Amino acid sequence: MPRVMEKRFNLKEKIAEFRAWQERPREVAANSQEEHECLNCHDHYTGNYCPRCGQAATTDRFSMKVAAENFADAYGMGERGMFRTIRDLILRPGYLILDYLHGMRASYFAPFKLFFLLTAISLLVTHGINIKGQNPSADEDMQSVVQKVEEKRATEGANTVEMDASTVDDGLTEEENQLGERVKSIFYNTVDAIARFQERFSSIFMLLMLMLLSGYLFLFFRHSPNIPDLRYAEFFIALLYITNMYTIYTIVFDFFCLNKLSVLSIFLTLIPLKQMSGYSWWRTTLKTAIATISMFILLIVLLVLALLVIGLLVKKFG
Ligand SMILES: [Zn+2]
């Protein structure tokens, strides 16, 4: 009987094991104790790499596998754990960032390289390589929707002008109303352009958003329990990895045309922030929320100022 008890699946234990695995830095394979002769420079040595020229001890005759690795290497994707990095960005993103910042560089795919690779894949997925073959930039339906919205806006604009004519006594001159309309249309066009950019270039958009947010976020995370003396440059690298994590999720969601879930993956950025900082969930959420809200307040103030300036310029120069 006790044997059966032992073998029973224990969820709590599994979760504890998974947590321990998440937090444990990657273990690099031990050095080989065999003596090797380097096939490149013919030095004799023990270890995994030739100390003279750096060629791997495992250098073998070409097989299809070695040839494929060689091909990947030519594009900078060989060795350096691309798949391990992608796996870790899903299962332990914050701990991967900690490993990397603490000096485990050779174990992980460099964040910039990964960003360009994932952005390229993301562009393919949002421009037609997905299960529905949807391509918003060439989609006629999409264009007709945009056209309809524009037509609707035009008629609405005409209506408000008519209404203004009938109610002259609203304290505003016709000129002022027209001015308002022009500023409004500039505003809507800008919002439209941003929304379309987000849809087509989600990874670049995310990076820009995080960079915009990074100053505020940095203020809230620079003295965290796990990294008490975080540098801005290190935080920048962390944000790049976080963008990469986000892009992996959006590639999957966009591939299956689940655009709504793609928006939700923004909230997943809390996971790496929590793991790398060591703050509790609610503190991480609170800090991120305050940083985001202060950024938006500043953005809105800047936007209002910009609209006022545009309004003044339009008024002055027609
Ligand atoms: Zn050598």
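Treat the numbers as computed from the prediction; the structure is a model and nothing was measured.

Before going further, it helps to examine unusual backbone geometry. Positive phi outside glycine occurs at His42, with the angle close to 65°. Residue placement: His42 occurs in the loop between strand 1 (35–37) and strand 2 (44–46). Under the relative-accessibility criterion, His42 is labelled partly exposed at 48%.

A few words on helix 12 (residues 270–277). Here helix 12 lies mainly inside the structure; 6 of its 8 residues are buried. Inspection of helix 12 places Leu270, Pro272, Leu273, Gln275, Met276 and Ser277 among the buried residues, and these make up the whole buried set. Turning to helix 12, the residues buried within the fold contact helix 2 (11–23), helix 5 (93–101), helix 9 (202–221), helix 10 (232–255) and helix 13 (281–317). Count one or two residues on from helix 12 and you reach Gly278, which has phi positive near 85°.

The reference angle at a metal is 109.5 degrees if four donors form a tetrahedron and 90 or 180 degrees if six donors form an octahedron. Protein coordination of the zinc ion is provided by Cys38 (SG), Cys41 (SG), Cys50 (SG) and Cys53 (SG), with donor distances spanning 2.1 to 2.4 Å. Coordination at the zinc ion is tetrahedral: its 4 donor atoms span angles of 101 to 120° at the metal. We note that the donor set of the zinc ion lies within a single chain, spaced as C-x2-C-x8-C-x2-C. Placement of the pair is Cys38 in the loop between strand 1 and strand 2 and Cys50 in the loop between strand 2 and helix 3 (64–74), with a sequence separation of 12 residues. Taken as a pair, Cys38 and Cys50 share a single burial class, namely buried.

A separate point is the environment of Glu37. Looking at the element boundaries, Glu37 is found in strand 1. The partly exposed category is assigned to Glu37, whose relative accessible area is 41%. In this structure the C-alpha to C-alpha distance between Glu37 and Cys50, which are 13 residues apart in sequence, comes to 8.5 Å. Setting aside residues no more than four positions away along its own chain, Glu37 makes contact with His42, Asp43 and His44.

Rules behind the numbers
- By convention here, each chain's residues receive numbers from 1 onward along its written sequence.
- The model is predicted, so local features are restricted to residues of pLDDT at least 70 and side-chain atom pairs to those at 80 or more, both for listing and for counting; the totals for chains, interfaces and linings are taken over all residues.
- No hydrogens and no water enter the side-chain calculation; it runs on all heavy atoms of the structure.
- Helix and strand definitions here come from DSSP, where helices need a minimum of 4 consecutive H or I residues and strands a minimum of 2 consecutive E residues; each element is numbered from the N-terminal end.
- Exposure is judged per residue with a 1.4 Å probe applied to protein chains only, and the accessible area is read against the type maximum: over 50% gives exposed, under 20% gives buried, and values in between give partly exposed.
- Between two residues, a contact is recorded if the distance between any of their heavy atoms is within 4.5 Å.
- Coordinating donors are taken as N, O and S atoms within 2.8 Å of the metal, stretched to 3.2 Å for Na, K and Ca; because water is absent from the atoms, sites can appear incomplete.
- Geometry assignment treats four donors as tetrahedral when all angles are between 85 and 135 degrees, treats four as square planar and six as octahedral when opposite donors are over 155 degrees apart and all others between 65 and 115, and treats everything else as irregular.

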